Amino acid sequence: MRARRATCTEDDIKLLKTRVVTSSDNTYPADALHVFKTNKEVDNNNLSHIKKSQSHIHEIKAIDKRKDIHTGQLTVVMPSKASDTGGLREVLVVTMGARVMVTVNINVSDDLANGVCGTVVGIETTGDQVIVIFVKFDSPRVRKDAIARSQYRQQYPDAVPIMRQEVQFFTGRGRHSVEARRTQFPLTLAWACTIHKVQGKTLEQVVVAMKGKVKFMPGQAYVAIHSTGVHRNRPPHPRKDNEHCDCVQASITGS
């Protein structure tokens, strides 16, 4: 609570400093979820993991249909942000072993909802086209019912088949309003994510990158440190390296 109000005590700061790590430390939790302030930092971290993969890397382009509702023309520029296109990315980069997060509500009754995370354990293709992505989700609640209905359950007994989803949305305003549809796998890489994506999650480990041109606001620091559900006596790791280094006190107070 004090972190949210930027009124941390000396004892608070002392405790957090015991969790500061660098990427060169032997105990650095490289496999833990990394939390950043900006989408650019998240994308850079996720792509650095993808480049280390020994498996084939698939770049899956979305199928877009767009039409100006006034002119009927199809030459309309689509928004670049997934948040403006129903949660579906223009290009999804994925490989075996990739950490991924669901970006739309696929089936809420199965807990296949926006924000659930898992690991890619299979990718089925026809030629160069990806048909199905198999994800073993972290939560057994997500896996149970969805796997029971899966036609692939013999081949992938612990994984949920994820198919392409189509979403409809409007872009532009007024006379320039455009009706658009995008078809894409509702996934995004999730070795790293932004602060708002971890709100309410319960995580075993998390690394919070505290330094950057854009400073943490007190409320953001509170979400990153407390709302992840990490045990109070074992706060998350603030990261301190060449790109992300700052004293913990400055990061929490926003000074």
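Here's what I pulled together on the structure shown here. No experiment lies behind these values; they were computed from the predicted model shown.

Before going further, it helps to examine the overall build of the chain. If you tally the helices and strands in the chain, you get seven helices and 14 strands. For the chain, the proportion of its 255 residues judged to be buried stands at 47%. In the chain, the share of contacts with a sequence separation of at least 24, taken over all contacts with a separation of at least 6, comes to 70%.

Attention now goes to the sheet that holds strand β5 (residues 99-102). One open sheet accounts for five strands, arranged β8-β7-β6-β5-β11; its pairing is antiparallel. Because the sheet does not close on itself, it has two edges, and the strands there are β8 (160-162) and β11 (187-189). The average angle at which neighbouring strand axes cross in this sheet is 45°, direction not considered. Both β5 and β11 contribute to a ladder of three bridges, which runs antiparallel. What sits directly across from Val100, in β11, is Leu189. With respect to the sheet, helix α4 (residues 140-148) is in contact with β7 (129-137) and β8, its orientation differing from that of β8 by roughly 80°.

What follows deals with unusual backbone geometry. Located in the positive-phi region is Asp111, a residue other than glycine, with phi close to 65°. Tracing the backbone through its elements, the reader meets Asp111 in the loop between β5 and β6 (117-126). Overall, the relative accessible area of 29% leaves Asp111 in the partly exposed class.

Enumeration over the complete set of coordinates arrives at two aromatic pairs. Seen in terms of ring centroids, Phe134 and Tyr152 are 5.0 Å apart; in terms of plane orientation they differ by 80°. Their pairing is edge-to-face. Here Phe134 is found in strand β7, whereas its partner Tyr152 is found in the loop between α4 and β8, with 18 residues between them in sequence. Given a relative accessible area of 0%, Phe134 falls into the buried group. Note on Phe134 and Tyr156: the rings are 3.9 Å apart at their centroids and 15° apart in plane angle, and the pair reads as stacked. Taken together, the residues span a long stretch of sequence, with Phe134 in strand β7 and Tyr156 in the loop between α4 and β8 at a distance of 22 residues. We note that Phe134, like Tyr156, is buried. Through pairs of rings, three or more aromatic residues link up here, namely Phe134, Tyr152 and Tyr156.

What counts as what
Residues numbered from 1 in each chain as written. Predicted model: local features only at pLDDT ≥ 70, side-chain atom pairs only at ≥ 80, totals over all residues. Heavy atoms only, no water. Helix = DSSP H or I, 4+ residues; strand = E, 2+ residues; numbered from the N terminus. Buried < 20%, exposed > 50% of the residue type's maximum accessible area, 1.4 Å probe, protein only. Contact = heavy atoms within 4.5 Å. Pairing = 2+ DSSP bridges. Axes fitted to C-alpha atoms, helices over the stretch in contact; angles between N-to-C directions. Phe/Tyr/Trp six-rings, centres within 6.5 Å; stacked < 30°, edge-to-face > 60°.

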